[in-house]
Amino acid sequence: SDIAMGLSNIAVVHKEMGNLKPALENNLKALEIWERIKNNKGISLSTTNIANLYDKLKQYNNAIKYYNRALAIDEKMGDKASVALSLNNIAGHYLETGKSQQALEYSLKALRISKEINSIINLKDCYYNLSAIFKVLENYKEAYINHQLYVKLKDSLFSTEGSKQIAEMQTK
């Protein structure tokens, strides 16, 4: 599993540098290892990363296949935070590919679960997607409301993280 995690980290570096093909190759290698050792969390992580890369490469059929696979694994594990993340990723994919109604459907499912488990990070991402979806659907009032909720949670998370860092510096 250390090798798979290392490959995943190398993939992140490649992605950040804009080298999408090597990022994809490293994630696919990591996925093979996760599958061999039957580590569902690792499989979910790698399939999500692979889906994101396929979206960036505009290979949308491959992207949705991997997003749906990640969602199925997350559901099988009963990991609601990961399920919400996968649903939101699928919503973003559908928004990017011009399927606004499907994007809305998946984003609302993600929102429901995120509220149920009180996942602030997932809620922030849901509101971000919903703002973009409602804008495309020309429902500007809902786009504005969701954008305000997104900004509020983003600022709250930033403030919380900043407070943690200040506290850590003060104790050193």
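Let me sum up the structure you'll find in this document. (Residues numbered from 1 in each chain as written. Predicted model: local features only at pLDDT ≥ 70, side-chain atom pairs only at ≥ 80, totals over all residues. Heavy atoms only, no water.)

### Some words on the environment of M77
At step 1: Within the element layout of this structure, M77 appears in helix 4 (residues 60-77).
At step 2: When the C-alpha atoms of M77 and K41 are compared, they prove to be 8.3 Å apart, with 36 residues separating the residues in sequence.
At step 3: Not counting residues up to four positions away in its chain, the partners in contact with M77 are N40, K41 and S44. (Helix = DSSP H or I, 4+ residues; strand = E, 2+ residues; numbered from the N terminus. Contact = heavy atoms within 4.5 Å.)

### Considering a nonpolar patch on the surface
At step 1: Nonpolar side chains collect at one region of the surface, where Y144, I145 and L149 lie side by side and expose about 270 Å² of accessible area between them.
At step 2: With respect to the helices and strands, L149 occurs in helix 8 (residues 140-171).
At step 3: A residue is classified by how much of its surface remains accessible, and L149, at 32% relative accessible area, is partly exposed. (Patch = residues over 30% accessible without salt bridge, like charges linked within 9 Å, V, L, I, M, F, W, Y side chains within 5 Å. Areas by Shrake-Rupley, 256 points an atom, 1.4 Å probe, with all protein chains shown as cover. Salt bridge = Lys/Arg side-chain N within 4 Å of Asp/Glu carboxyl O. Buried < 20%, exposed > 50% of the residue type's maximum accessible area, 1.4 Å probe, protein only.)

### Side note on the packing of aromatic side chains
Working definition: an aromatic ring pair is given by the centre-to-centre distance plus the angle between the planes.
At step 1: Evaluation of the coordinates by the stated rule reveals three aromatic pairs.
At step 2: Between the aromatic rings of Y54 and Y66, the centroid separation amounts to 5.7 Å while the plane-to-plane angle is 35 degrees, which identifies the pairing as tilted. Here Y66 lies in helix 4 and Y54 lies in helix 3 (residues 40-56), a separation of 12 residues in the sequence.
At step 3: Judged by centre distance (5.6 Å) and plane angle (45 degrees), the ring pair of Y94 and Y106 falls under tilted. Residue Y94 is located in helix 5 (residues 80-96), and its partner Y106 is located in helix 6 (residues 100-117); the two are separated by 12 residues in the primary sequence. Here the two residues Y94 and Y106 agree in accessibility, since each one is buried. (Phe/Tyr/Trp six-rings, centres within 6.5 Å; stacked < 30°, edge-to-face > 60°.)

### Examining the packing of helix 5 against helix 6
At step 1: Running from N to C, helix 5 and helix 6 cross one another at 160 degrees; their axes reach a closest spacing of 8 Å. Comparing their axes, helix 6 and helix 5 come out roughly antiparallel. As helix 5 packs across helix 6, the resulting crossing turns out to be left-handed. Taking contact as the criterion, the partners of K80, A81, V83, A84, L87, N88, I90, A91, Y94 and L95 in helix 5 are, on helix 6, S100, Q102, A103, Y106, S107, K109, A110, I113, S114, E116 and I117.
At step 2: Looking at the contact of helix 5 with helix 6, its residues break down into 13 nonpolar, five polar and three charged. (Axes fitted to C-alpha atoms, helices over the stretch in contact; angles between N-to-C directions. Parallel < 35°, antiparallel > 145°, perpendicular 65-115°, else oblique. Left-handed = near helix turned anticlockwise from the far one by under 90°. Nonpolar A, V, L, I, M, F, W, Y, C, P; charged D, E, K, R; others polar.)

### A closer look at helix 1 (residues 2-16)
At step 1: Spanning 15 residues, helix 1 covers 21 Å between terminal C-alpha atoms, matching the ideal 21 Å at 1.5 Å per step.
At step 2: All buried positions along helix 1 are accounted for by A4, L7, S8 and A11. For helix 1, the angular spread of buried residues about the axis comes to 100 degrees, placing them on one side. Exposed positions of helix 1 whose direction lies more than 90 degrees from the buried face are D2, I3 and E16. (Expected span 1.5 Å × (residues − 1). Arc of directions from axis to C-beta.)

### Quick word on the nonpolar core
At step 1: If you look at the biggest cluster of nonpolar residues, it comprises 42 residues, and the most contacted ones within it are L87, I90 and Y127.
At step 2: Every element with two or more residues in this core is listed here: helix 1, helix 2 (20-36), helix 3, helix 4, helix 5, helix 6, helix 7 (120-136) and helix 8.
At step 3: Considering every element that reaches this core, the biggest residue donor is helix 2, with seven residues.
At step 4: Sequence-distant contacts of I90, that is, excluding residues within four places in its chain, are made with I64, Y67, N68, L71 and Y106. (Core = buried A, V, L, I, M, F, W, Y, C linked by side-chain atoms within 4.5 Å.)

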